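Here is what each chain is made of, one letter per residue.
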Amino acid sequence: MDLTSHRTLGKSGLIVSPLALGTMTFGAGRWGANEETSRALFDAYVDAGGNFIDTADIYSGGESEKMLGRFLSNSGIRDRLVIATKSGFPRGQGTPLWGGNGAKNIRLGIEGSLKRLQTDYIDMYWMHVWDRTTPAEEVLQTLADAVRAGKILHYGFSNTPSWYVAKVATLAEAHGLPKPIGLQYAYSLIDRGVELDLLPAGQEFGLGMVPWSPLAAGLLTGKYGRDKIADTERATALPDRGSEVLETGSDGRLNGDNPFGGMLFTERNFDVVDALKAVASEIGRSPAEVALNWVANRLGVSSVLIGASRVDSCIKTSRLLI
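Keep in mind that this is a model prediction, so the values were computed, not measured.

Conventions used here
Residues numbered from 1 in each chain as written. Predicted model: local features only at pLDDT ≥ 70, side-chain atom pairs only at ≥ 80, totals over all residues. Heavy atoms only, no water. Helix = DSSP H or I, 4+ residues; strand = E, 2+ residues; numbered from the N terminus. Rg over C-alpha atoms; globule rule 2.2 N^0.38 Å. Buried < 20%, exposed > 50% of the residue type's maximum accessible area, 1.4 Å probe, protein only. Contact = heavy atoms within 4.5 Å. Areas by Shrake-Rupley, 256 points an atom, 1.4 Å probe, with all protein chains shown as cover. Lys, Arg positive; Asp, Glu negative; His and termini not counted. Charge placed at Lys NZ, Arg CZ, Asp CG, Glu CD. Salt bridge = Lys/Arg side-chain N within 4 Å of Asp/Glu carboxyl O. Phe/Tyr/Trp six-rings, centres within 6.5 Å; stacked < 30°, edge-to-face > 60°. Polar contact = N/O pair within 3.5 Å; in protein donor to acceptor, adjacent residues only side chain to side chain.

Caption draft 1: Quick peek at the overall build of the protein. For the protein, the count of helices and strands is 9 helices and 10 strands. Radius of gyration (C-alpha) of the protein: 19 Å, near the 20 Å computed for a compact globule of 322 residues. In terms of its C-alpha atoms, the protein occupies a principal-axis envelope of roughly 50 × 40 × 40 Å. Here the protein holds 322 residues, and 56% of them are scored as buried. The contacts in the protein between residues at least 6 apart in sequence include a share of 77% that link residues at least 24 apart. When the accessible surface of the protein is summed, it comes to about 13900 Å², and 52% of that surface belongs to carbon and sulfur atoms. Here the protein holds 33 positive side-chain charges and 36 negative ones, and the gap between their average locations is 2 Å.

Caption draft 2: Seen up close, the pattern of salt bridges. Throughout the structure, instances matching the rule amount to 17 salt bridges. Put simply, Asp-271 and Arg-226 hold a salt bridge, and the shortest N to O gap is 2.8 Å. Here the residue Asp-271 occupies a position in helix H7 (residues 267-283), and Arg-226 occupies one in the loop between strand S9 (208-209) and H7, the gap between them amounting to 45 residues. A relative accessible area of 33% places Arg-226 in the partly exposed class. Residues Glu-289 and Arg-285 are paired through a salt bridge, measuring 2.9 Å at the closest nitrogen-oxygen approach. Ionic contacts of the salt-bridge type, sharing partners, join the residues Arg-226, Glu-267, Asp-271 and Asp-274 into one network.

Caption draft 3: Layout of helix H8 (residues 287-296). Burial runs high along H8: 9 of the 10 residues are buried. What H8 keeps buried is the set Pro-287, Ala-288, Glu-289, Val-290, Ala-291, Leu-292, Asn-293, Val-295 and Ala-296. Elements in contact with the buried residues of H8: strand S1 (7-8), strand S3 (19-22), H7, strand S10 (304-306) and helix H9 (311-318).

Caption draft 4: Focus on the packing of aromatic side chains. Inspection of the entire model under this criterion finds 10 aromatic pairs. Centre to centre, the rings of Phe-42 and Phe-71 are 5.7 Å apart; their planes meet at 45 degrees, and the pair counts as tilted. Of this pair, Phe-42 sits in helix H1 (residues 35-47) while Phe-71 sits in helix H2 (residues 63-75), and the two are 29 residues apart along the sequence. Residue classification places Phe-42 among the buried positions, given a relative accessible area of 1%. Geometrically, the ring pair formed by Tyr-187 and Trp-294 is edge-to-face, given 5.5 Å between the ring centres and 65 degrees between the ring planes. Within this pair, whereas Tyr-187 is found in the loop between strand S8 (182-184) and helix H6 (198-205), its partner Trp-294 is found in helix H8, the two being separated by 107 residues in sequence.

Caption draft 5: Representation of the side chain of Arg-7 within the structure. Looking at where Arg-7 falls in the secondary structure, it is placed in strand S1. Here Arg-7 is buried and forms no salt bridge, its nearest opposite-charge partner Asp-2 lying at an N-O distance of 10 Å. A distance of 3.2 Å separates the side chain of Arg-7 from the backbone oxygen of Val-301, its partner in a polar contact. Setting aside anything within four residues of it in sequence, one finds Arg-7 in contact with Met-1, Leu-14, Ile-15, Val-16, Pro-18, Ala-296, Asn-297, Val-301, Ser-302 and Ser-303.

Here it is as structure tokens:
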């Protein structure tokens, strides 16, 4: 299997690579990539045959979308790529209207993303997070209107409870409105919570899973030791600010401020890593190779999000599929 072993995203005609390039690292500072490296990551992924690129309005304070927009414009290959972005987390402070799932914020989010991405349509639009407030009917109507206006082609949900997604899908079916086609959630050997209800819901409603953090932010590569358990209480941090990238590149996503904080550094998780290393050694593969292929071949998975801050890492990861 390689990046041209295409699949459809859920029950749709949207054809995507089995690995999607996540761009949270673009402009992300300590564990991210500057513009030159980000462009090299983009080129390496596309040159390897990849066609599915994922970003979000808050990544690096919008800089990730802006970089990707410049790359799309300069490369002239927009129509060969599937571009996905998201809204939901607050884009700024001072007003509740710049976050959540309400009609106003979704509209603001789409318009802002279109401008930053320098495109007139978004292939896949994700609700980044559930706001616990907006009725499913409002979210559905707003997204359906955006599809009919041609601003987005498809939509799906991330970090949202299965009952809410099921309600939107059921209402869409009942009223003849565009239906969601995808789910984007954390899924790895470390975190298998989606198997309880989200994957079954996806199977029932034709929603393809696009797992993020398939290597548990690098923990499943085996590069972190049990000494990191001392950092368990470290606070989480949203990737919503751009900053200068270290000249030496990333020193490891889980070192210092990161979206997971220290929550991954547990005895149980390191037991999983030890078991993974044993299996990888037995079959002559790397831990990352085993972990990534395990996720990519799970029932209901359409594509798997991978991220990188170095070109060699991106190329290596894109070649891990068996």
